[in-house]
Amino acid sequence: MIHEDIADFAADMPPARALAGLDLGTKTIGVAVSDRMRSVATPLETIRRTKFTADAARLIEILTAREIGGLVLGLPLNMDGSEGPRVQSTRAFARNLSRLTDLPITFWDERLSSVAAERALLEADTSRARRNEVIDKVAASYILQGALDRLAHIARQS
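A few points on the structure.

Rules and cut-offs
- Residues numbered from 1 in each chain as written.
- Predicted model: local features only at pLDDT ≥ 70, side-chain atom pairs only at ≥ 80, totals over all residues.
- Heavy atoms only, no water.
- Helix = DSSP H or I, 4+ residues; strand = E, 2+ residues; numbered from the N terminus.
- Buried < 20%, exposed > 50% of the residue type's maximum accessible area, 1.4 Å probe, protein only.
- Contact = heavy atoms within 4.5 Å.
- Axes fitted to C-alpha atoms, helices over the stretch in contact; angles between N-to-C directions.
- Left-handed = near helix turned anticlockwise from the far one by under 90°.
- Nonpolar A, V, L, I, M, F, W, Y, C, P; charged D, E, K, R; others polar.
- Expected span 1.5 Å × (residues − 1).
- Arc of directions from axis to C-beta.

Within the protein chain, the regular secondary structure consists of five helices and six strands. Starting at the N terminus, the α and β elements of the protein chain follow one another as β-α-β-β-β-α-β-α-β-α-α. Buried positions account for 45% of the 158 residues belonging to the protein chain. A sequence separation of at least 24 residues applies to 65% of the contacts in the protein chain between residues at least 6 apart.

What follows is the structure, encoded as structure tokens:
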């Protein structure tokens, strides 16, 4: 089920299961996962996009193998907060993926995740070739970490 509100997503998640974060690009999908306590996001993999069926099959493999309890997709809003074609594409991907899995799915504003990931990699003195290799999964971890921090805040309030 797709949840627009992260509080609804939190209520729908099974307990003690990790989450996965996705940074959907036109050529790649960055994948990050959390620990079971949902406190830390870790970059995992970058999937080279081909067709939706192949991309989804690889994602389902990862989700199953890691016993993932929910998915957080980066939502590429415009800087003014409006929704453009990339947001529509992300929502379509979520709808198509929700037909293949019962996992709860939500979105997280990813406006500056790639910038933050690039900055962190530059600070770590990562070579340009290596940055290009890992940027998407690092951006996915920034997306997921933002959602994890918000979920922890929601849990403290209840």
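Picking up after the structure, the text goes on.
Here L63 shows up in helix α2 (residues 52-65). For the pair L63 and A18, spaced 45 residues apart in sequence, the C-alpha separation works out to 9.4 Å. If sequence neighbours within four positions are ignored, L63 has contacts with A20, I68, L71 and L103.

Close contact between α2 and helix α3 (residues 85-98) brings their axes to 11 Å; oriented N to C, the two are set at 65 degrees. Seen from above, α2 lies across α3 with right-handed handedness. Across the interface between the two elements, F52, A56, L59 and I60 of α2 pack against F93, N96 and L97 of α3. Here the residues of the contact of α2 with α3 sort into six nonpolar, one polar and no charged.

A word on α3. In a regular helix each residue adds 1.5 Å, so 14 residues correspond to 20 Å; α3 covers 20 Å between its end C-alpha atoms and thus fits that length. Buried within α3 we find V87, T90, R91, F93, A94 and L97. For α3, the angular spread of buried residues about the axis comes to 155 degrees, placing them on one side. Projecting away from the buried face of α3 at angles above 90 degrees are the exposed residues P85 and Q88. Looking at the buried residues of α3, the elements they touch are β1 (2-3), β2 (18-24), β3 (28-34), α2, β5 (68-75) and β6 (105-109).

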